[in-house]
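Given next are the chains, with one letter for each unit.
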Amino acid sequence: MTLQLHRPDGEGGLEPVPEPPADWRGQLRSSRWGTSLEGDRLPALKNPEMNPTSRFRSALFWLALGLVTFGVLVVGYGTGFWG
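Just so it is clear, the model here is predicted, and its values are computed rather than measured. Residue positions are given per chain, counting from 1 as you read along its sequence in written order. In keeping with the predicted nature of the model, local features appear solely for residues at pLDDT of at least 70, side-chain atom pairs appear and are counted solely at 80 or more, and the whole-chain, interface and lining totals rest on all residues. The basis for every side-chain value is the complete set of non-hydrogen atoms in the structure, without hydrogens or water.

1. A word on the overall build of the protein chain
Part 1 of the reasoning: Assigned secondary structure in the protein chain consists of 1 helix and 2 strands.
Part 2 of the reasoning: Here a helix means four or more residues in a row that DSSP labels H or I, a strand means two or more in a row labelled E, and each is numbered from the N terminus. When its helices and strands are written in sequence order, the protein chain yields β-β-α.
Part 3 of the reasoning: Relative accessibility thresholds used throughout: buried, under 20% of the residue-type maximum; exposed, over 50%; partly exposed, between the two (1.4 Å probe, protein chains only). Relative to its 83 residues, the protein chain shows a buried fraction of 4%.
Part 4 of the reasoning: Sequence-distant contacts, at least 24 apart, represent 0% of the contacts inside the protein chain between residues at least 6 apart.
Part 5 of the reasoning: Working definition of accessibility: Shrake-Rupley area with a 1.4 Å probe, residue cover restricted to the visible protein chains. Split by element, the accessible area of the protein chain, about 8,100 Å² in all, is 61% carbon and sulfur. In what follows, residue pairs with any heavy atoms lying within 4.5 Å of each other are defined as contacts.

Structure follows, in C-alpha cells:
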C-alpha cells in the first residue's frame, strides 16, 4: 500500500482513494482554462512583459556576435596569444 493509492481514514487506518474522473478538464473551474468559453477553446492570454524581437534584429545580433567572435580569434592567433 502506498499513500498515492490510499489515504488516512481518520481512525488510524487507510482507505482507497477514489478513481479520478476520466475527463480531468471538468475539474478546471477557472475561466482562464477555457471552461466557461464555448467549445472549450482557450482564451487569448497576453503577456505584457514580453516584447518579441523582430527576426531581422535577432539575425543581425547573431551575425554580429559571430563576426566579433571570429575577429577575437583572428586577433588572438595573429598576435600569438593562443599560439
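2. A closer look at helix H1 (residues 55–78)
Part 1 of the reasoning: End to end, H1 covers 34 Å across 24 residues, agreeing with the expected 34 Å (1.5 Å per residue, within 8%).
Part 2 of the reasoning: After H1 finishes, the residue glycine 80 shows a positive phi value of roughly 85°. To estimate the expected span of a helix, subtract one from its residue number and multiply by 1.5 Å.

3. Side note on a nonpolar patch on the surface
Part 1 of the reasoning: Patch criteria: residues need more than 30% relative accessible area and no salt bridge. Like-charged residues are merged within 9 Å; nonpolar side chains of Val, Leu, Ile, Met, Phe, Trp and Tyr are merged within 5 Å. Any carboxyl oxygen of Asp or Glu that lies within 4 Å of a side-chain nitrogen of Lys or Arg is treated as forming a salt bridge with it. A cluster of nonpolar side chains, contributed by Val68, Val72, Leu73, Tyr77, Phe81 and Trp82, occupies part of the molecular surface with about 670 Å² of accessible area.
Part 2 of the reasoning: Counting through the fold element by element, tyrosine 77 comes out in helix H1.
Part 3 of the reasoning: For tyrosine 77, a relative accessible area of 54% puts it in the exposed group.

4. A word on the confidence of the model for the protein chain
Part 1 of the reasoning: Looking at the protein chain, the pLDDT average stands at 79 and 67% of residues meet or exceed 70.
Part 2 of the reasoning: Element-level mean pLDDT values for the protein chain span from 75 in strand S1 (residues 6–8) up to 96 in H1. The pLDDT value expresses, per residue, how confident the predictor is, ranging between 0 and 100.

5. Remarks on the packing of aromatic side chains
Part 1 of the reasoning: Planes of paired rings set the category: under 30 degrees apart is stacked, over 60 is edge-to-face and the rest tilted, where pairs are Phe, Tyr or Trp rings (Trp by its six-membered ring) whose centres lie within 6.5 Å. Taken as a whole, this structure holds 3 aromatic pairs when the rule is applied.
Part 2 of the reasoning: Ring geometry for tyrosine 77 and tryptophan 82: centres 5.6 Å apart, planes at 50°, overall tilted.
Part 3 of the reasoning: Here a set of aromatic residues connected by ring pairs shows up, and it is made of Tyr77, Phe81 and Trp82.

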